[in-house]
Amino acid sequence: MNAILDAFARMSFREALGWMLVENAVLFGVAVLGGDLLVWIFRTRRVGPLPPPVEAKELAWAACCVVLNTLVTAAGWWLWRSGYIVIRRDTGARAWLDAAALLLMMDLAMYLTHRIAHHPWAFPLAHATHHQYDRPRPLDLFVLNPIEALGFGALWLTILLLYSSSWLGILVYLALNLAFGVVGHLGVEPLPRSWAEHRLIRLFGTSTFHAGHHRDDRGNFGFYTSIWDRLFGTLHPRDARSQLPRLTRP
Ligand SMILES: [Zn+2]
Ligand SMILES: [Zn+2]
């Protein structure tokens, strides 16, 4: 990995941009194909209604998001090359702790910005685009208004500017971010009922948790955890109890 970092440090902007577009397109493909495979495997465990057929507009939003994610990655590359973002190269326990620190910092920042995005004044400007697709499928993780896609990128780069993480912590965080995003938009619950109802598991943003936000957007604003919803009293009542909504069959 250190060799890859060295290679990126030597690249021209154009060359780096090309690789970053490939990286973002591959992540998109893995998320959608892997997510759709999970939807098919757990098709009898629906936690929300079946989505309608994919719209051309939905695909266009997602493609736009992949391009914007690439631009955010490019901005991060430039900030790193210019010395504003520092990436550590150690791989010990501290490097792994970085992943947990990044996850918790981003979770709080995203909880707060998600609540602002739902303010009646702010909602129509950006976040309404994502909520047009309230019967989500994995693709809808990428259906974001450009303001929202760039806002998430700006938040992420701000955290990296303030916190010098290891590359390991960044990679683990980005993998978890993608995994939580896909799981939240499956529309099915891969976890067995007994696990999904477990007190510890319910501290995390499960598929059922984010499906709840798409069904009723007055609660469940967290992404990776339900900690901030519990702390600020915005957890859906059904998630506050140790119960899952009744699972429906497709
Ligand atoms: Zn969503
Ligand atoms: Zn929302």
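Okay, so let's go over this structure. (Residues numbered from 1 in each chain as written. Chains lettered and ligands numbered in written order. Predicted model: local features only at pLDDT ≥ 70, side-chain atom pairs only at ≥ 80, totals over all residues.)

As a further point, take the overall build of the chain. Across its full length, the chain carries 11 helices and zero strands. If you list the helices and strands of the chain from N to C, you get α-α-α-α-α-α-α-α-α-α-α. Its C-alpha atoms give the chain a radius of gyration of 18 Å, near enough to 18 Å, the size a compact globule of 250 residues would have. Seen through its C-alpha atoms, the chain measures out along the principal axes to roughly 55 × 40 × 40 Å. Looking at the chain as a whole, 32% of its 250 residues are labelled buried. At a minimum sequence separation of 6, the contacts of the chain that also span at least 24 residues come to 73%. (Helix = DSSP H or I, 4+ residues; strand = E, 2+ residues; numbered from the N terminus. Rg over C-alpha atoms; globule rule 2.2 N^0.38 Å. Buried ≥ 20, exposed ≤ 12 C-beta atoms within 10 Å, placed from the backbone. Contact = placed C-beta atoms within 7 Å.)

With the exception of glycine, most residues fall at negative phi, and the peptide bonds are largely trans. Phi at N220 is positive, roughly 55°, even though this residue is not glycine. Here N220 shows up in the loop between α9 (207–215) and α10 (227–232).

Take the packing of helix α4 (residues 93–117) against helix α7 (residues 167–184) next. Two elements in contact, α4 and α7, have axes separated by 7 Å at closest approach and are oriented at 45°. Compared by their axis directions, α4 and α7 come out oblique. For α4 against α7, the interelement crossing comes out right-handed. Taking contact as the criterion, the partners of A95, W96, D98, A99, L102 and L103 in α4 are, on α7, L168, G169, V172, Y173 and L176. Its residues assigned to classes, the contact of α4 with α7 comprises nine nonpolar, one polar and one charged. (Axes fitted to C-alpha atoms, helices over the stretch in contact; angles between N-to-C directions. Parallel < 35°, antiparallel > 145°, perpendicular 65-115°, else oblique. Left-handed = near helix turned anticlockwise from the far one by under 90°. Nonpolar A, V, L, I, M, F, W, Y, C, P; charged D, E, K, R; others polar.)

A few words on the environment of V188. Here V188 shows up in the loop between α7 and α8 (193–196). The class of V188 is buried, set by 22 C-beta atoms lying within 10 Å. Along the sequence, V188 and L50 sit 138 residues apart, while their C-alpha atoms lie 9.4 Å from each other. With sequence-adjacent residues up to four places away left out, V188 is seen in contact with V39, F42, R43, R45, R46, V47 and S207.

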